[in-house]
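Now for the letters of each chain:
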Amino acid sequence: MTQKINRIGVLTSGGDAPGMNAVVRAIVRKATAQGVSVLGIRRGYSGLIGGDIIELTSRGVDGVLPRGGTMLYTARCEEMLSDTGQEKAVQTCRHMGIEGLAVIGGDGSFRGALALARRGLATVGVPATIDNDIVCTDYTIGFDTACNTAVDAIDKLRDTMQSHERCSVVEVMGRDAGHLALHVGVAVGATCILLPEKEVDFHKVVIEPIRMGRLSGRHHHMLIVAEGHGKGAQAVAERVEAETGIEARVTILGHIQRGGTPSAMDRVLGTQMGCHAAGLLIAGERSRLVIKQDGCVMSCDMEEGLAQRKCLDQDLFAAAVAVAT
């Protein structure tokens, strides 16, 4: 018979993502309803090592669903990469009576959770990153909101760029993954989408479509560049101007993509995943990742999940190329 869990902790780590608060809320509500107390660890692993911890109650998470960012704050923590930092984190959990830890974040956050699991602490990860680059899950919390934020900004940008007959080169986030750029590019009807995963013939994929579009009367061109592609959006714009003579302006959307009210999709999935994570910890599960596969929320072994490789959606990329051409 599994020993009863009395207290769990929850933290958000790495880059923030819209919908993280929905996860925290769900964990708190489900755990406290079953008589399990929840401690909120502020500022990620830095707060865990340093003891920046508060008690979370069902009443205390009222009103957080529409809020972007994370109510627990987040931070990068280099110390967590060391054996000393990891041991401090485990000692804090023991001192505070934390028997299980829910980690909400991305790949780097889960590497830290896996290190704690190897030291005997029950950990469960919930994927929340706008990059959508966690290999074992079809979707990560925050991705939908970031896509919508970027699309809204680009739609507004298109209005002014069309007025000046310019070429827009828009850089979106995603680190070394092109999932966000691909979805945004399709949604805004980009002339071309440049991704880290795809090596392309620049003249064929970028210059020639712009030239042909200009001959057919098109006065504005939209290029979407993932931040991990080549030398970046500025280098793309300079080459476009040099080879076409069309004025190219760069817009880097940056951290605006992480902010804003979470979409309904991110709130719903955050709630589902948070409930599932709380259930795993209460049941005494260890080293698990909450994932969404084939429309269902489930879990997988953390180490096995992180060892997988997530590929670009080839069908969506093919559709993007087809409609752009």
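Relevant structure appears above.
Summarised in this report is the structure supplied together with it. (Residues numbered from 1 in each chain as written. Predicted model: local features only at pLDDT ≥ 70, side-chain atom pairs only at ≥ 80, totals over all residues. Heavy atoms only, no water.)

1. Focus on the nonpolar core
Taken as a class, soluble globular proteins show a tendency for nonpolar side chains to be buried jointly. Heads up, the condition is: The definition of a nonpolar core used throughout is a set of buried Ala, Val, Leu, Ile, Met, Phe, Trp, Tyr and Cys residues joined through side-chain atoms within 4.5 Å. Using a 1.4 Å probe on the protein chains alone, a residue whose accessible area is under 20% of its type maximum counts as buried, one over 50% counts as exposed, and one in between counts as partly exposed. Counting from the N terminus, the helices are DSSP H or I runs at least four residues long and the strands are E runs at least two residues long. Note on contacts: a residue pair qualifies if any of its non-hydrogen atoms lie within 4.5 Å across the two residues.
In this structure, Val-10, Ile-27, Ile-104 and Ile-224 are the most contacted members of the largest nonpolar core, which totals 60 residues. Top contributing element to this core by residue count: helix α5 (residues 143-164), with eight residues. With near-sequence residues (within four places) excluded, Ile-27 lies in contact with Ile-8, Val-10, Val-38, Ala-102, Ile-104, Gly-274, Ala-277 and Ala-278. Ranked by size, the runner-up nonpolar core spans 27 residues in total, among them Ile-134, Ile-291, Met-302 and Leu-306.

2. Looking at the sheet that holds strand β1 (residues 7-12)
In plain terms, the rule: Whether two strands pair comes down to DSSP finding at least two bridges between them. Working convention: axes come from line fits to C-alpha atoms, limited for helices to the stretch in contact. Angles between N-to-C directions cover 0 to 180 degrees.
Spatially, seven strands are ordered β3-β2-β1-β4-β5-β10-β11 in an open sheet, and the strand pairing comes out mixed. Strands at the two margins of the open sheet, each flanked by one partner only, are β3 (53-56) and β11 (296-301). Between one strand axis and the next, the sheet turns by 30° as a mean value, whatever way the strands run. Strand direction decides the pairing type here: β1 and strand β4 (residues 100-105), joined by five bridges, are parallel. Bridging from a neighbouring strand, Gly-9 pairs with Leu-101 of β4.

3. What about unusual backbone geometry?
Note: most peptide bonds trans; most residues except glycine with negative phi. Its identity as a non-glycine residue notwithstanding, Tyr-73 has a phi of 60°, on the positive side. Relative to the helices and strands, Tyr-73 is located in the loop between β3 and α3 (83-96). For Tyr-73, a relative accessible area of 42% translates into the label partly exposed.

4. A closer look at the packing of helix α1 (residues 20-33) against helix α9 (residues 264-282)
Which entries qualify depends on this criterion: Relative orientations are named as follows: roughly parallel for angles under 35 degrees, roughly antiparallel for angles over 145 degrees, roughly perpendicular for angles from 65 to 115 degrees, and oblique for any other angle. Handedness of a helix crossing follows the sense of rotation of the near helix relative to the far helix, less than a right angle counterclockwise being left-handed and clockwise being right-handed.
Interhelical geometry of α1 versus α9 gives an angle of 40° and a closest axis separation of 7 Å. Here α1 lies oblique to α9, going by the angle between them. Classified by chirality, the crossing of α9 by α1 is right-handed. Residue-level inspection shows Ala-22, Val-23, Ala-26, Ile-27, Lys-30 and Ala-31 of α1 in contact with α9, the latter providing Asp-266, Arg-267, Gly-270, Thr-271, Gly-274, Cys-275, Ala-277, Ala-278, Gly-279 and Ile-282.

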